[in-house]
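As a plain string of letters, each chain reads:
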Amino acid sequence: MTSEEKSPKSQTPPLSPIHAWHYDMLLDQDRNNFYERIIRENCRDKIVLEIGAGSGLMSVLAIRHGAKQVICCEKNPMLAMAAEVLINRMGLKDRITLIKQYSTEIPTEQIPKVDIVLHELFASDPFAEDVIHSLRDAKRFMKPDAIFLPEGIQIVYQAVHGHGLRQELKFAGIELKEMTQLLGQVYPALRNNQNPGFPNKTYYLPKVSMESLIKNSYDYLETNPDLIGVDAIELTYKIYQGDVEMQAAPFGLLADNRHWSTLFFYKTNLKTDKVQFSLEDEIKLLVN
């Protein structure tokens, strides 16, 4: 008996987590409607590569809206199994090829050149799921005139003026004054709008295409006089394809069934009107 035969671990694939946010993601009608629309408007008669297939929904939608062929990849074995069952149940296994690997692991010659790279690799931080690296690598599968779908993102933010929490934070006689002050500036339920009775103003950074991101990463200096005296900024982003766009998360309190949430960045210099947006290792948004 070989060592492989003796060890049950060598024959059993490791367990893979299925995160609870998949439920909210699949219930997110704004997200689903956005993706169905851009798929319907772009995928007819095209060869499509979907990166990060998850449930397989987007690949099925691509075929439904006229794609010639879809290749999708999903590394997580539990998600891949669910996608495979869906594809078979819909009678599409001859038109959708599921590859149970990361796209970065697929040999270039394994799949035909594609017209569209369909992706939904976005987290609350739009760069956190290694979207830049994954799409940069996907260029080797693309025809010269192929496109990314969606084509780009746009960072948007609101200014936050903080104030104290309703209840001071303390435990066992230890007062957490520093955390009380900090959380009072970013806790969504206690937002203090600049103009009471009116929503905060939303500021929009320039749109940036995925093609630009894979070439130049992301680095932008925002100058805005409304930032003077502001305690923090609340940030999210829009995904766009042409004039079709979707905001990832609502500002303020979280909406039901939205798997993305806004990010808060504390301003250490209240007097400055400048904020630098950049990336750390191309997978983490930095604001300072």
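Rules used throughout
Residues numbered from 1 in each chain as written. Predicted model: local features only at pLDDT ≥ 70, side-chain atom pairs only at ≥ 80, totals over all residues. Heavy atoms only, no water. Helix = DSSP H or I, 4+ residues; strand = E, 2+ residues; numbered from the N terminus. Buried < 20%, exposed > 50% of the residue type's maximum accessible area, 1.4 Å probe, protein only. Contact = heavy atoms within 4.5 Å. Areas by Shrake-Rupley, 256 points an atom, 1.4 Å probe, with all protein chains shown as cover. Polar contact = N/O pair within 3.5 Å; in protein donor to acceptor, adjacent residues only side chain to side chain. Expected span 1.5 Å × (residues − 1). Arc of directions from axis to C-beta. Core = buried A, V, L, I, M, F, W, Y, C linked by side-chain atoms within 4.5 Å. pLDDT = per-residue confidence, 0-100. Pairing = 2+ DSSP bridges. Right-handed = clockwise from strand over helix to strand, strands pointing away. 1 Å grid on protein atoms, 1.4 Å probe; cavity = no way out; pocket = protein on both sides within 12 Å on 5 of 7 lines; lining within 4 Å. Points joined across faces, edges and corners; volume = space filled by probe spheres on them. Nonpolar A, V, L, I, M, F, W, Y, C, P; charged D, E, K, R; others polar. Axes fitted to C-alpha atoms, helices over the stretch in contact; angles between N-to-C directions.

Visitor: Just checking my understanding: could you explain the overall build of the chain for this structure?
Guide: Each helix and strand counted, the chain has eight helices and 16 strands in total. Residue burial in the chain is summarised as follows: out of 288 residues, 45% are buried. Partitioning the contacts of the chain with sequence separation of at least 6, the portion at a separation of at least 24 is 73%. A total accessible area of about 15500 Å² is found for the chain, and carbon and sulfur atoms account for 53% of it.

Visitor: Teacher, can you tell me more about unusual backbone geometry here?
Guide: Trans is the prevailing form of peptide bonds, just as negative phi is the prevailing case for residues other than glycine. With an omega dihedral of 0 degrees, the bond running from Leu 149 to Pro 150 counts as a cis peptide bond. In this structure, Asp 45 takes a positive phi of about 65 degrees despite not being glycine. By the element assignment, Asp 45 lies in the loop between helix H3 (29-42) and strand S1 (47-51). At Ala 172, a residue that is not glycine, the phi angle is positive and equals roughly 55 degrees. In this fold, Ala 172 is placed in the loop between strand S7 (170-171) and strand S8 (174-175).

Visitor: Honestly, the side chain of Thr 262 in this entry has me stumped. Any pointers?
Guide: On the secondary structure map, Thr 262 appears in the loop between strand S13 (244-247) and strand S14 (263-266). The exposure class of Thr 262 is buried, given its relative accessible area of 10%. In terms of polar contacts, Thr 262 uses its side chain to reach the side chain of Glu 234, at 2.8 Å. Sequence-distant contacts of Thr 262, defined by excluding residues within four places in its chain, comprise Glu 234, Leu 235, Thr 236, Ala 249, Pro 250 and Phe 251.

Visitor: Is there a simple way to think about helix H5 (residues 77-89) in this case?
Guide: Every α-helix winds through 3.6 residues per turn, so residues three or four apart in the chain are directed the same way. Spanning 13 residues, H5 covers 18 Å between terminal C-alpha atoms, matching the ideal 18 Å at 1.5 Å per step. For H5, the set of buried residues is Leu 79, Ala 80, Ala 83, Leu 86 and Ile 87. For H5, the buried positions fall inside an angular range of 125 degrees around the axis, keeping them on one side.

Visitor: Mind showing me how you'd approach the nonpolar core here?
Guide: Considering soluble globular proteins, one finds that nonpolar side chains tend to be buried as a cluster. Core analysis: the largest hydrophobic core is formed by 73 residues, its most contacted members being Val 117, Phe 122, Phe 127, Tyr 218, Ile 233, Leu 235 and Phe 277. The dominant element in this core, judged by the number of residues it contributes, is helix H4 (residues 57-64), at five residues. Other than its neighbours up to four places away in sequence, Leu 235 contacts Ile 155, Val 156, Tyr 157, Phe 251, Thr 262, Leu 263, Phe 265, Phe 277, Leu 285 and Val 287.

Visitor: Help me understand the confidence of the model for the chain in this model?
Guide: Detailed reading of the predicted coordinates is not advisable wherever pLDDT falls low. Averaged over all residues, the pLDDT of the chain equals 85, while 80% of them reach at least 70. Long-range and interchain partners of residues 1-10, a stretch whose pLDDT sits below 50, account for four contacts in this model, where long-range means more than four residues apart. Contacts for the low-pLDDT stretch residues 190-198, under 50 throughout, to residues beyond four places or in other chains number 21 contacts.

Visitor: Quick question: what am I supposed to make of the pairing of S1 here?
Guide: Both faces of the sheet carry side chains from a regular strand, because those side chains alternate between them. The element S1 is largely enclosed, with a buried count of five among its five residues. Every second residue of S1 is oriented toward a common face, with Ile 47, Leu 49 and Ile 51 on one face and Val 48 and Glu 50 on the other, all of them buried. The pairing of S1 with strand S2 (residues 69-73) spans five bridges and is parallel. Along S2, the bridge assignment pairs Ile 51 with Cys 73. In this fold, the crossover linking S1 to S2 by way of H4 has right-handed handedness.

Visitor: Just checking my understanding: could you explain the layout of surface pockets for this structure?
Guide: Gaps between atoms show up when a probe of the same size as a water molecule is rolled over them. Empty space within the second largest pocket amounts to approximately 150 Å³. Taken together, the elements giving at least two residues each to the lining of the second largest pocket come down to S14 and strand S15 (274-280). Classifying every residue of the lining of the second largest pocket gives five nonpolar, four polar and two charged.

Visitor: For this particular structure, what's the right way to read the sheet that holds strand S5 (residues 142-149)?
Guide: Consider a sheet: its strands pair through backbone hydrogen bonds, and that pairing is either parallel or antiparallel. The strand order across the open sheet built from five strands is S3-S2-S1-S4-S5, with neighbouring strands paired in parallel fashion. Looking at the sheet topology across the chains shown, the edges are occupied by strand S3 (96-99) and S5. Adjacent strand axes in the sheet meet at a mean angle of 20 degrees, parallel and antiparallel pairs treated alike. In the sheet, S1 pairs with strand S4 (residues 114-119) via four bridges, with the strands oriented parallel. Looking across to S4, one finds that Val 48 is bridged to Ile 116.

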